[in-house]
Amino acid sequence: MKHLLIWTFVLFLSSCHIKADESSVENIKNETKNTIVQLTNEQRVEHGLKPLQWAEDASIAAQAKSDDMAKNQYFAHESPVYGDFVGLLEAYEVEYHLAAENLAVGQKTPEDAVIGWMNSKGHRENILHEEMTHIGVGYDEEGKYWTQILLKK
């Protein structure tokens with residue numbers, strides 16, 4: 001009986017450790033997403049625009065897009081799973097009046113991703129579009145797939 005109790009205790013400790021590791025990964029992912037939002041809003045404010053608000057529905061869709069690109073090894077606005085960008089938004093029931101999608105791959109930091117977007121005419125226009133009000137962010141830490149969804153709600 002002592003062996004069984006000891007074994008149960010070890011399993012309990014192991015499962016607690018796994019949950020702590022998963023929680024740590026999620027915290028890092030959330031910090032990364034928050035940094036993207038902060039840096040994006042800094043760019044908007046520098047250009048006399050209002051900061052964007054967090055949109056949970058857009059963030060869930062953006063995370064799905066990043067995960068989809070990583071899983072299916074592609075980098076494009078057209079998805080083998082969701083089809084075009086509108087299909088992604090519809091799949092996750094994202095409500096919007098106007099929407100834009102910025103993608104990046106290979107950047108090592110949120111700063112690199114935002115700098116890349118700001119150095120690209122089309123991505124910069126999306127970030128600095130005066131009608132946009134909300135943002136969602138996805139990030140796949142394995143392959144460094146970044147997704148930013150900008151919305152006018």
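Structure shown above.
Below is a summary of the structure that appears in this document. Not measured: the values here are computed from a predicted model.

Moving on: the overall build of the protein chain. Secondary structure summary: the protein chain contains five helices and four strands in total. Across the 153 residues that make up the protein chain, the buried fraction comes to 39%. Within the protein chain, residue pairs in contact and separated by at least 24 positions form 68% of the contacts whose partners lie at least 6 positions apart. Accessible surface for the protein chain amounts to roughly 9000 Å². Of this, 56% is attributable to carbon and sulfur atoms.

Turning next to the environment of G122. With respect to the secondary-structure elements, G122 resides in helix α5 (residues 121-127). Accessibility expressed as a relative area gives 37% for G122, which makes it partly exposed. Sequence spacing of G122 and N102 is 20 residues, and the spatial spacing of their C-alpha atoms is 8.7 Å.

Take the pattern of salt bridges next. In total, this model carries three salt bridges according to the counting rule given. Note that K153 and D57 form a salt bridge whose closest N and O atoms lie 2.7 Å from each other. Of this pair, K153 sits in the segment after β4 (145-152) while D57 sits in helix α2 (residues 56-72), and the two are 96 residues apart along the sequence. For K153, a relative accessible area of 34% corresponds to the partly exposed category. Across the pair K121 and E125 runs a salt bridge whose closest N-O atoms are separated by 2.9 Å.

Here we take up helix α4 (residues 110-118). Considered for burial, the residues of α4 that qualify are P110, A113, V114, W117 and M118. Buried residues in α4, looked at end-on, bunch into an arc of 130 degrees, giving them a common side.

A word on the side chain of S66. Inspection of the secondary structure assignment puts S66 in helix α2. Look at S66 and you get buried, because its relative accessible area is 0%. A distance of 3.3 Å separates a polar side-chain atom of S66 from the backbone oxygen of G138. With residues near it in sequence (within four places) discarded, S66 still touches G138, Y139, D140, Y145, W146 and T147.

Attention shifts here to unusual backbone geometry. For Q73, which is not glycine, the phi torsion reads 50 degrees and is therefore positive. Exposure remark for Q73: the relative accessible area of 60% places this residue in the exposed category. Of note, the phi angle at E93 is positive, near 50 degrees, even though the residue is not glycine. In this structure, E93 sits in the loop between α3 (85-91) and β2 (98-105). Residue classification places E93 among the exposed residues on the basis of a relative accessible area of 67%.

Analysis parameters
- Think of each chain on its own: its residues are numbered from 1, step by step along the sequence as written.
- Local features in this predicted model are restricted to residues whose pLDDT is 70 or higher, and side-chain atom pairs enter the listing and the counts only when it is 80 or higher, whereas totals over whole chains, interfaces and linings include all residues.
- Hydrogens are left out, water is left out, and the side-chain values use all remaining heavy atoms of the structure.
- Secondary structure follows DSSP: runs of H or I at least 4 residues long count as helices, runs of E at least 2 residues long count as strands, and numbering of each begins at the N terminus.
- Accessible area is worked out with a 1.4 Å probe on protein chains only. A residue is then buried under 20% of its type maximum, exposed over 50%, and partly exposed in between.
- Contacts were defined at the residue level, with two residues in contact if any of their heavy atoms lie within 4.5 Å.
- Each accessible area is a Shrake-Rupley estimate made with a 1.4 Å probe; only the visible protein chains count as cover when residues are assessed.
- Each reported salt bridge corresponds to a side-chain nitrogen of Lys or Arg within 4 Å of a carboxyl oxygen of Asp or Glu.
- The arc in question is traced by the directions running from the helix axis to the C-beta atoms.
- A 3.5 Å cut-off defines polar contacts: any pair of N or O atoms within that distance qualifies, except that in protein one atom must be a possible hydrogen donor and the other a possible acceptor, and neighbouring residues in sequence count only when both atoms are side-chain atoms.

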